[in-house]
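Chain by chain, the residues:
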Amino acid sequence: MADQNFFQTARPLSLKEISSATKAEIFKGSDASYTVSDVAPLDKAGPKDLSFFDNVKYKEQFLVTKAGACLVSPAMAALAPKGVNLLVSKSPYKAYALAAQMFYPEARPAGSVSARASIHPSAKLGKGCVIEDGVVIAEGVQLGDGCWIEPNAVISRNVKIGAQGRVGANASISHALIGDHVRIYPGARIGQDGFGLAIDPAGHVKVPQLGRVIIEDHVEIGANTTVDRGSGPDTVIGQGTWIDNLVQIAHNVKIGKGCIIVAQVGIAGSTVIEDYVAMGGQAGIAGHLRVGKGAQIAAQSGVIQDVPAGEAQMGYPSMPLRQFLRQAALLKRLIKKEKAP
Amino acid sequence: MADQNFFQTARPLSLKEISSATKAEIFKGSDASYTVSDVAPLDKAGPKDLSFFDNVKYKEQFLVTKAGACLVSPAMAALAPKGVNLLVSKSPYKAYALAAQMFYPEARPAGSVSARASIHPSAKLGKGCVIEDGVVIAEGVQLGDGCWIEPNAVISRNVKIGAQGRVGANASISHALIGDHVRIYPGARIGQDGFGLAIDPAGHVKVPQLGRVIIEDHVEIGANTTVDRGSGPDTVIGQGTWIDNLVQIAHNVKIGKGCIIVAQVGIAGSTVIEDYVAMGGQAGIAGHLRVGKGAQIAAQSGVIQDVPAGEAQMGYPSMPLRQFLRQAALLKRLIKKEKAP
Amino acid sequence: MADQNFFQTARPLSLKEISSATKAEIFKGSDASYTVSDVAPLDKAGPKDLSFFDNVKYKEQFLVTKAGACLVSPAMAALAPKGVNLLVSKSPYKAYALAAQMFYPEARPAGSVSARASIHPSAKLGKGCVIEDGVVIAEGVQLGDGCWIEPNAVISRNVKIGAQGRVGANASISHALIGDHVRIYPGARIGQDGFGLAIDPAGHVKVPQLGRVIIEDHVEIGANTTVDRGSGPDTVIGQGTWIDNLVQIAHNVKIGKGCIIVAQVGIAGSTVIEDYVAMGGQAGIAGHLRVGKGAQIAAQSGVIQDVPAGEAQMGYPSMPLRQFLRQAALLKRLIKKEKAP
């Protein structure tokens, strides 16, 4: 059970309710009226817990789990120990995520505006916004219904944030138009000037950065991540893209829908990342490139050429994953050969 | 045109005025009294816009641009379509940067000190400083004329900042002496203890960090970048150096003049970076090294030896760029050969 | 001497006092009653300064130092110039660190709680806590004696911090239980949601993150570093571990005791780092791995397999250090051979 100092569970739920919310089907012989009150991993779950089995690695745990109910793929359902009520889904982990959200809905404080926040009279706040202590909201800012702005966050002039937005503690946002259901984590920096300069030994000359940051709906932007605004064109983060902590998104970058960008990735200026691209931690993408739809870039890779759609790459500079693995194996063999006299 | 919610243009300018400020010359046959009111890229510019052509890649756009005026190099001026007024410069991009600054001067708020800032009575503020809500300025701080401190920034005891400084939202500065025209972006951390410890399995022992951070004039330090103070010697950032976001500068590092350090670079303790060095994103420089004047370090390189002045390097560990490229090509050939038989 | 605007020395100390605090022994012929009033490097120290000699690289400086007193290893003591009072220690640098702490104790302000901080009435503050301007402390927070919370830091609901904790400016902490003598640097982000999602092209589904961050005693966490809370299990940082700036620690990571993690390292989810591991800057460790006790991971390495205890590794992907060095040497030879016709 999660630490109750930090997490509160909602009411118990019947399998029928969970099935209806997750679209997992109640397995034959399982009890639709059975109720569970929490989620837990296979090896810790008890009769009042819902668990899930999605990774063959944990099969041994599944075979002896004491969970009252379990989400499982159709192929694995028959292996369940007796007495476990089963919910069958092709995506047990996704179904688990949805169920866990029911038990642990986001602990959004009731709507209130702190007297210790500084809110410009021209700012427009939607219904039920929570504005915490020390927040600074400048003139012309518009917040949709149900936004939650955590302490000491700063929202600059004319920024718009859609409904149900959440801005973490000490984050700052300027020059940005943000959609609905967007979450900006603590310390993220959105909308500052891009790194635009005309190089000159007598003193580099700043190029005014005249674009914005456009963030579409359902985006997450991690803690201490930086997203610079465009230099003229905009910087764009597409719908449903998730960005982890300490990522750098430079000016004019366009990121498509549903991308997954892991911590400490850097994407240089004007690069286009198409939909559903995944990038491992610390990968770097040079500027003015195009990474095709669904490409997968391994952690720490250094991409310096366009990446075809759907291709998996790794390496510095990055290359097709297979080629990188062959290269690594070849080097090992060469060294071995050398040592053998 | 830039989004007027975020950017305001100043008054229209004649080519004569632009020529005088940028030192670009009015081309023969162009109209010195012609006025433009905004800047725009070649393919979007109209008769009232100033554009620039500096990269052969965009030649097709230049040949048909509808810009009212265009900055261009002497060699390219003859290719301009009829009716475009030309300003000729050896550095069209730099001239554009200067002109764009005229149309879009920094939107510095008029001088005022927020009643919601905490300013120690012993702090000295120059004329026309803007101190926004939630700023904390400790005892003995000195700010030059025209400084702009954005919301919730923190400036600790006895820090000095020169004229026209700007400190971004939620940034923090301690143990630092900062010159004129320095810009610190949101969330940057300047002056905290370096990572100095005497290793001991019974408990590492902190080595007091007794130096400062010295930042010379016209420096830019990016969002969420960290600059630790020296351990005894100072950490120094030389005049006109530009540092991008999420960069780590360790204690005792000395950076010369006019360097360009792209996002997520890390420079380890006591390393010296001479003047006009450029480093690509995510490059790492080990401690106690010297990177010679004008060296260029490619993105993601790992530098573990001194770098001669003027040398271009790449690789992990880094090596002269040509050697790295040969190495990459050789590996490709070896793999091909293996597959062949 | 350190800049007195930023550092104050405590009273002069006799060699006897320093010996007693550092366990360095007074060398035969040295004067136990001799007093020094500051610390300084070998080449800058004068008769009233304590210096140290711990690295053969600086032998020339040692041979002519004018320091009044010097910490030195037993083997080197005989080389000291006449007139230098010697304190002999097997760990001169550690002894120096302890002595320097005596001259420059942490400049902790006298206990006071700012009227410009927002402190929930249910929060419990130990004796002598310093809470600076703009700090936000939520309901149920518990701070031990002598905690120092710097300006604009945010501590969320029910977080506990032990005695003598220090939280830097603009840092934020949630869902965390923190031991004694822990220092969190400015802008660090502790306890936000881990990057947990069920991938789905129709919209990734958030997996509620139900664990905490547990930080044991004597830990340091650097500026703008991010430590995500666990997804169910906790994220744990073991006693006496030091973490530098801009490091990413993902959910469920367990770090042992006495580890040293240099700037910009990233550790992916659920990885276990055993005691006394050292990691160079920008190294990356993939998820679900185990790095054995005392392993040493070179800067920028990419670890994608378990690392045996005590092993030194380097490379991308990382391999035993010797193998990596052989590989680098082999590649150099192959290129040379190619060039020779």
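Residues numbered from 1 in each chain as written. Chains lettered and ligands numbered in written order. Predicted model: local features only at pLDDT ≥ 70, side-chain atom pairs only at ≥ 80, totals over all residues.

Notes on the overall build of chain A
As a reminder, the rule being used: Starting at the N terminus, helices and strands are each numbered in turn, a helix being any DSSP run of H or I of at least four residues and a strand any DSSP run of E of at least two. In this scheme every C-beta is placed from the backbone, and a residue whose C-beta has 20 or more other C-beta atoms within 10 Å is buried, one with 12 or fewer is exposed, and one in between is partly exposed. Any two residues are considered in contact once their C-beta atoms, placed from the backbone, lie within 7 Å.
Check the secondary structure of chain A and you find four helices and 40 strands. The C-alpha extent of chain A, read off along each of the three principal axes, is 80 × 80 × 30 Å. In chain A, buried positions account for 57% of the 341 residues. Here the contacts in chain A between residues at least 6 apart in sequence split such that 21% fall between residues at least 24 apart.

Quick look at helix α1 (residues 15-22) of chain B
All names here are of chain B. Counted only if it meets this: Comment: arc refers to directions from the helix axis out to C-beta atoms.
Among the residues of α1, L15, I18, S19 and T22 are the ones counted as buried. Seen end-on, α1 carries its buried residues on one side only, within an arc spanning 100°. Next to the buried residues of α1 lie β1 (13-14), β2 (25-26), β5 (49-53), β6 (69-72), β7 (85-88) and α3 (92-103). Note on α1: the residue one or two positions beyond its end, K23, has a positive phi of about 65°.

Overview of the relation of the copies chain A and chain C
Quick note on the threshold: Copy-to-copy alignment: least squares on C-alpha atoms, limited to residues at pLDDT 70 or above in both.
For the pair chain A and chain C, the superposition axis carries a translation of 0.0 Å, the fit reaches an RMSD of 0.0 Å, and the rotation angle comes to 120°. Here the copies are linked by what is in effect a three-fold axis. Comparing contact sets, just 14% of the residues at the interface of chain A also lie at the interface in chain C, consistent with a heterologous contact between different surfaces.

Quick notes on the pairing of strand β6 (residues 69-72) of chain C
All names here are of chain C. Our working definition: Only strands joined by at least two bridges in the DSSP assignment are considered to pair.
In β6, alternate side chains face the same way, and those of A69 and L71 on one face and C70 and V72 on the other are all buried. Taken together, the four bridges between strand β5 (residues 49-53) and β6 define a ladder with parallel strand orientation. The partner of F53 across the bridge, within β6, is V72. Here β6 pairs with strand β7 (residues 85-88) via four bridges, running parallel. Each bridged residue has a counterpart across the sheet, and for V72 the counterpart in β7 is V88.

A few points about the domain arrangement of chain A
Condition: Domain segmentation is taken from an automatic or database assignment of domains.
Under the domain assignment used here, chain A contains domain 1 (13-103) and domain 2 (171-322). One C-alpha centre belongs to domain 1 of chain A, the other to domain 2 of chain A, and the line joining them spans 37 Å.

Describing the interface of chain A and chain C
Basically, it comes down to this: Classification used: nonpolar for Ala, Val, Leu, Ile, Met, Phe, Trp, Tyr, Cys and Pro, charged for Asp, Glu, Lys and Arg, polar for all others including Gly.
Taken together, the contact between chain A and chain C spans 50 residues of the former and 44 residues of the latter. Tallying contributions element by element places helix α3 (residues 92-103) of chain A first for the side of chain A that touches chain C, with six residues. The residue makeup of the side of chain A that touches chain C, split by class, is 26 nonpolar, 18 polar and six charged.

Description of the relation of the copies chain A and chain B
In the superposition of chain A on chain B (RMSD 0.1 Å, axial shift 0.0 Å), the rotation amounts to 120°. The fraction of interface residues of chain A whose copies in chain B are also interface residues is only 16%, indicating that the copies meet through different surfaces.

Here's the deal with the sheet that holds strand β8 (residues 112-113) of chain C
All names here are of chain C. Spatially, β8-β11-β14-β17-β20-β25-β28-β31-β34-β37-β39-β40 is the arrangement adopted by the twelve strands of the open sheet, whose pairing is mixed. Strand pairing shows two members of the sheet lacking a second neighbour, β8 and β40 (318-320), which therefore form its edges. Relative to strand β34 (residues 278-279), strand β31 (residues 260-261) runs parallel, the two sharing two bridges. The partner of I260 across the bridge, within β34, is A278.

Observations concerning the packing of helix α1 (residues 15-22) of chain A against α3(A)
Residue and element names in this part refer to chain A. To be explicit about the condition: Every axis in this analysis is a line fitted to C-alpha atoms, fitted for helices over the stretch in contact. Angles between the N-to-C directions lie between 0 and 180 degrees. For classification, angles of less than 35 degrees are called roughly parallel, those exceeding 145 degrees roughly antiparallel, those between 65 and 115 degrees roughly perpendicular, and all remaining angles oblique. In this scheme the handedness of a crossing depends on how the near helix is turned from the far one: anticlockwise by less than a right angle means left-handed, clockwise means right-handed.
Where α1 meets α3, the axes come as close as 9 Å, and the angle between the chain directions of the two elements is 120°. If you check the angle between α1 and α3, you find them oblique. The two elements α1 and α3 cross, and the hand of that crossing is right-handed. Residues I18, A21 and T22 of α1 touch α3, and the partners they reach there are A95, L98, A99 and M102.

As for the sheet that holds strand β8 (residues 112-113) of chain A
Read across the open sheet, the twelve strands follow the order β8-β11-β14-β17-β20-β25-β28-β31-β34-β37-β39-β40 (chain A); overall the sheet is mixed. Each of the sheet's edge strands pairs with one partner strand only, and the pair in question is β8 and β40 (318-320) of chain A.

Quick look at unusual backbone geometry
All names here are of chain B. Here Y316 and P317 are connected by a cis peptide whose omega angle stands at 0°. For P317, the position within the fold is in the loop between β39 (312-315) and β40 (318-320). Look at K23: it is not a glycine, yet its phi comes out positive at around 65°. Mapped onto the secondary structure, K23 falls in the loop between α1 and β2.

A look at the environment of A:C129
All names here are of chain A. Among the structural elements, C129 can be located in the loop between β10 (124-125) and β11 (130-131). Of the residues examined, C129 has 22 C-beta atoms within 10 Å and is grouped as buried. Here the alpha-carbon distance between C129 and D145, two residues 16 residues apart in the chain, equals 6.2 Å. Not counting residues up to four positions away in its chain, the partners in contact with C129 are G111, V113, L143, G146 and C147.

Side note on the interface of chain A and chain B
With 43 residues of chain A at the interface, the matching set in chain B holds 50 residues. The set of elements that each furnish at least two residues to the side of chain A that touches chain B consists of β22 (197-198), β23 (205-206) and α4 (321-339) of chain A. Of the residues belonging to the side of chain A that touches chain B, the class tally is 18 nonpolar, 20 polar and five charged.

As for the nonpolar core
The line we're drawing: A set of buried residues drawn from Ala, Val, Leu, Ile, Met, Phe, Trp, Tyr and Cys, joined through C-beta atoms within 7 Å, is what defines a nonpolar core.
Within the largest apolar cluster, 214 residues are counted, with the highest numbers of intra-cluster contacts made by A:I155, A:I184, B:I155, B:I184, C:I155 and C:I184. When near neighbours in sequence (up to four residues on either side) are disregarded, C:I155 contacts C:I137, C:A138, C:V141, C:I149, C:V167 and C:I173.

Some details on the environment of B:Q61
All names here are of chain B. Tracing the backbone shows Q61 in helix α2 (residues 59-63). Owing to 17 C-beta atoms within 10 Å, Q61 belongs among the partly exposed residues under this scheme. Residues within four places of Q61 in sequence aside, it is in contact with L42 and D43.

A word on the confidence of the model for chain A
As a reminder of what qualifies: Values of pLDDT, which run from 0 to 100, indicate the predictor's confidence residue by residue.
Model confidence for chain A is summarised by a mean pLDDT of 96, while 99% of its residues fall at 70 or above. Here the predicted complex carries an ipTM of 0.97, next to a pTM of 0.97.

Some points on the environment of C:W148
All names here are of chain C. Structurally, the position occupied by W148 is in strand β14 (residues 148-149). Under the C-beta neighbour-count criterion, W148 is labelled buried, with 21 such atoms within 10 Å. When the C-alpha positions of W148 and S301 are compared, they lie 36 Å apart, and in sequence the two are 153 residues distant. The residues contacting W148, other than those within four sequence positions of it, are R108, V130 and R166.

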